[in-house]
Amino acid sequence: MDGTRRLLAYNQQWVAERLAERPDYFTRLGGQQDPQFVWIGCSDSRVPAEMLTGCQPGELFVHRNVANQVIHTDLNMLTVVFYAVERLRVKHIIVCGHTGCGGVKAAMSRQDFGLINRWLQNIKDCAERHQAELEALPDEEARTGRLVEINVVEQVDHLAKTSVIQRCWKREQRPWLHGWVYDTDGGTLRELVRRTPGDLPHAAHQYDIED
Ligand code: CO
């Protein structure tokens, strides 16, 4: 049995329901998108960005990768952020981690995950910088929970240091950067950190950007 048939069948039903609610549901955007938010989240299937924020098509510009990383050499992520900030002129970028993140757990273990090791190195480095705090926690679950939070804050700060964001912050009062954690067991979102154009990173991390 082809499991994808269920998805296609659901899609037909979904289209019918949306059109019954609002005949212009699909055409109202006029072939354009004008999202206010970028979502940088984990690839984890338990964190469906639109579903848990009530966002409709056209509202959320999404980038997801394992453990919601913002890595300065990641052309994929940078392209998403550049396009969203420069062209779509989004007002908010949300980096969202989640409880029980497999990427974070894997980074904390000493197991060999093959190619994935290289992606996880960023989180391993992050864990190393906060080793004392993590080791003081009572168990693995507490350490994972805390590293999920530390990771989110760190990725928000990486984002703040990209030239795309710094260039925009020097010119405009947007975008605001948010670090959130989603609780996969309870369904709730929590904001951990917010960075706004007034919070330019430490001078040593700033670029001298000429416009
Ligand atoms: Co995850």
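Anything mentioned here points back to the structure above.
Description of the structure in this document.

Our focus in this paragraph is the packing of helix 5 (residues 116-129) against helix 7 (residues 140-160). Running from N to C, helix 5 and helix 7 cross one another at 110 degrees; their axes reach a closest spacing of 10 Å. When the axes of helix 5 and helix 7 are compared, the pair comes out roughly perpendicular. In contact with Asn122, Ile123, Cys126, Ala127 and Arg129 of helix 5, helix 7 contributes Leu147, Ile150, Asn151, Glu154, Gln155 and His158. Of the residues that constitute the contact of helix 5 with helix 7, the class distribution is five nonpolar, four polar and two charged.

Turning our eyes to something else, we now look at the coordination of the cobalt ion. Six octahedral donors around a metal ideally make angles of 90 or 180 degrees; four tetrahedral donors ideally make 109.5 degrees. For the cobalt ion, the full set of protein donor atoms is Cys42 (SG), His98 (NE2) and Cys101 (SG), at a range of 2.1 to 2.3 Å. Judged by relative accessible area, His98 falls into the buried class, the value being 0%.

Read from one edge of the open sheet, five strands run 2-1-3-4-5, paired in mixed fashion. Looking at strand neighbours, the two that pair on one side only are strand 2 (60-65) and strand 5 (189-195), the edges of this open sheet. Between one strand and the next, the sheet's axes are offset by a mean angle of 20 degrees, whatever the strand orientation. Sheet topology note: the strand 1 (residues 37-42)/strand 2 ladder contains six bridges and is parallel. Counterpart to Ile40 in the pairing with strand 2 is His63. Across the face of the sheet, helix 3 (residues 75-87) comes into contact with strand 1, strand 2 and strand 3 (92-98) while running at roughly 170 degrees to strand 2. Along the sheet, helix 7 contacts strand 1, strand 3, strand 4 (176-182) and strand 5; its crossing angle with strand 4, the most-contacted strand, is approximately 165 degrees.

The rules behind these values
- Residues numbered from 1 in each chain as written.
- Predicted model: local features only at pLDDT ≥ 70, side-chain atom pairs only at ≥ 80, totals over all residues.
- Heavy atoms only, no water.
- Axes fitted to C-alpha atoms, helices over the stretch in contact; angles between N-to-C directions.
- Helix = DSSP H or I, 4+ residues; strand = E, 2+ residues; numbered from the N terminus.
- Parallel < 35°, antiparallel > 145°, perpendicular 65-115°, else oblique.
- Contact = heavy atoms within 4.5 Å.
- Nonpolar A, V, L, I, M, F, W, Y, C, P; charged D, E, K, R; others polar.
- Donors = N, O, S within 2.8 Å, 3.2 Å for Na, K, Ca; no water.
- Buried < 20%, exposed > 50% of the residue type's maximum accessible area, 1.4 Å probe, protein only.
- Pairing = 2+ DSSP bridges.

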